[in-house]
Amino acid sequence: FKQFAFDGVDGMKTGYISKAGYTFTGTVMRDGVRYISVVMNTESEGARFIETAKLYNYAFNNFEEKVAVPAKTVVESVETVKLKKGVKTSVPVITDADISFYVKKGVEPKIELSASEVTPEDQLVAPIEAGQKVGTATYKYTDADGKSIEQTVNLVAAEKVEKAGWFRLMFRGIGDFFGNLFKGLLDLF
């Protein structure tokens, strides 16, 4: 079977059943990319390995990973989130990990933000640690055939926000009271 060896194969299961013929299930990993193959109904023991090699070669030659959104990226529609009882009233947010898709080589993928969700202000109370999860963003990749895949990434606080002292919170409350009162008066007219 030495002639059927394929560089990077690290898991496999062979078999034969009369209805499925000679079969092979395997995994291969190269440069951090893993593919899984299932080949069924070949006519000989050797043919299952030849067909598997064709699948692996096709995958490695025709697809590549594209990073759509790098880690620590600001999401355009969710640059900050509001919080309560902090020295600041909002905190900037960033993605905590990459969003990447496997696409055909040489094709620029169409990737868009499809949804975002943040923790409500009343549930986000200081102190907030840098890296603390404050929401999620979902990105959608659509290929040339119109098929789409979505991936979700966590949104995290980009910096630490300390809890405000009672004096600051008291004056912020007074300011909010008079601001809301003035706005209410303006809305009457």
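One can find the structure itself at the top, above this paragraph.
This write-up is about the structure you can find in this document. Quick caveat, the model's predicted, so the values are computed rather than measured.

### Here we look at the overall build of the chain
Here comes step 1: Scanning the chain for helices and strands turns up two helices and ten strands.
Here comes step 2: Going residue by residue from the N terminus, the α and β elements of the chain occur as β-β-β-α-β-β-β-β-β-β-β-α.
Here comes step 3: Computed over its C-alpha atoms, the radius of gyration of the chain comes to 27 Å, more than 25% above the 16 Å expected for a compact globule of 189 residues.
Here comes step 4: Overall, the C-alpha framework of the chain stretches about 85 × 35 × 30 Å when taken along its three principal axes.
Here comes step 5: Counting all 189 residues of the chain, 27% fall into the buried class.
Here comes step 6: By sequence separation, contacts in the chain at least 24 residues apart represent 58% of the contacts at least 6 residues apart.
Here comes step 7: A total of about 12,600 Å² of accessible surface is found on the chain, and carbon and sulfur atoms cover 54% of it.
Here comes step 8: Within the chain, the 25 negative side-chain charges are centred at a point lying 3 Å from the centre of the 24 positive side-chain charges.

### Considerations on the environment of Val67
Here comes step 1: Structurally, the position occupied by Val67 is in strand 4 (residues 63–69).
Here comes step 2: Separated by 30 residues in sequence, Val67 and Ala97 place their C-alpha atoms 10 Å apart.

### Comments concerning the packing of aromatic side chains
Here comes step 1: The full count for this structure, using the stated rule, is seven aromatic pairs.
Here comes step 2: A ring pair is formed by Phe6 and Tyr56, whose centres lie 5.3 Å apart and whose planes are at 50°; its orientation type is tilted. Linking Phe6 in the segment before strand 1 (9–17) with Tyr56 in helix 1 (residues 45–62), this pair joins segments that are 50 residues apart in sequence.
Here comes step 3: Between Tyr16 and Tyr22, the ring centres sit 4.6 Å apart and the planes meet at 50°, which makes this aromatic pair tilted.
Here comes step 4: The rings of Phe4, Phe24 and Phe49 are connected pair by pair, giving a single aromatic cluster.
Here comes step 5: Cation over ring: Arg30 sits above Phe60, and NZ or CZ is 4.9 Å from the ring centre.

### A closer look at the side chain of Thr142
Here comes step 1: Along the polypeptide, Thr142 turns up in strand 9 (residues 133–142).
Here comes step 2: Looking at Thr142, the relative accessible area reads 18%, which means it is buried.
Here comes step 3: Not counting the four nearest positions on each side in its chain, Thr142 is found in contact with Lys110, Lys147 and Ser148.

### Some details on the pattern of salt bridges
Once the charged atoms of two side chains with opposite charge are near each other, the side chains can pair.
Here comes step 1: Per the counting criterion, the structure on display carries five salt bridges.
Here comes step 2: Residue Asp10 pairs with Arg34 through a salt bridge whose shortest N-O separation is 2.9 Å. Note that Asp10 is positioned in strand 1 and Arg34 in strand 3 (residues 33–42), a separation of 24 residues in sequence.
Here comes step 3: Residue class for Asp10 comes out partly exposed when judged on its relative accessible area of 45%.
Here comes step 4: We classify Arg34 as partly exposed; its relative accessible area is 40%.
Here comes step 5: A salt bridge links Glu51 to Lys54; its shortest N-O distance comes to 3.2 Å. One end of the pair, Glu51, and the other, Lys54, are both in helix 1, three residues apart, so they sit about a helical turn from each other.

### Quick look at the sheet that holds strand 6 (residues 90–95)
Each strand in a sheet pairs with its neighbour through backbone hydrogen bonds, running either in the same direction (parallel) or in the opposite one (antiparallel).
Here comes step 1: Read from one edge of the open sheet, five strands run 5-6-10-9-8, paired in antiparallel fashion. Each having just a single partner strand, strand 5 (80–82) and strand 8 (110–118) make up the two edges of the open sheet. Looking at each pair of strands side by side, their axes are set apart by 30° on average, direction ignored.

### Quick word on the nonpolar core
Here comes step 1: Core analysis: the largest hydrophobic core is formed by 21 residues, its most contacted members being Val81, Leu83 and Tyr139.
Here comes step 2: The leading source of residues in this core is strand 9, at four residues.
Here comes step 3: Setting aside anything within four residues of it in sequence, one finds Leu83 in contact with Lys88, Thr89, Ser90, Val91, Glu121, Leu124, Ala126, Ile128 and Val161.
Here comes step 4: Phe6, Val28, Tyr56 and Ala59 belong to the second-largest nonpolar core, a separate cluster that totals nine residues.

Here is what the cut-offs are and how they apply
Residues numbered from 1 in each chain as written. Predicted model: local features only at pLDDT ≥ 70, side-chain atom pairs only at ≥ 80, totals over all residues. Heavy atoms only, no water. Helix = DSSP H or I, 4+ residues; strand = E, 2+ residues; numbered from the N terminus. Rg over C-alpha atoms; globule rule 2.2 N^0.38 Å. Buried < 20%, exposed > 50% of the residue type's maximum accessible area, 1.4 Å probe, protein only. Contact = heavy atoms within 4.5 Å. Areas by Shrake-Rupley, 256 points an atom, 1.4 Å probe, with all protein chains shown as cover. Lys, Arg positive; Asp, Glu negative; His and termini not counted. Charge placed at Lys NZ, Arg CZ, Asp CG, Glu CD. Phe/Tyr/Trp six-rings, centres within 6.5 Å; stacked < 30°, edge-to-face > 60°. Lys NZ or Arg CZ within 6 Å of the ring centre and 35° of its normal. Salt bridge = Lys/Arg side-chain N within 4 Å of Asp/Glu carboxyl O. Pairing = 2+ DSSP bridges. Axes fitted to C-alpha atoms, helices over the stretch in contact; angles between N-to-C directions. Core = buried A, V, L, I, M, F, W, Y, C linked by side-chain atoms within 4.5 Å.

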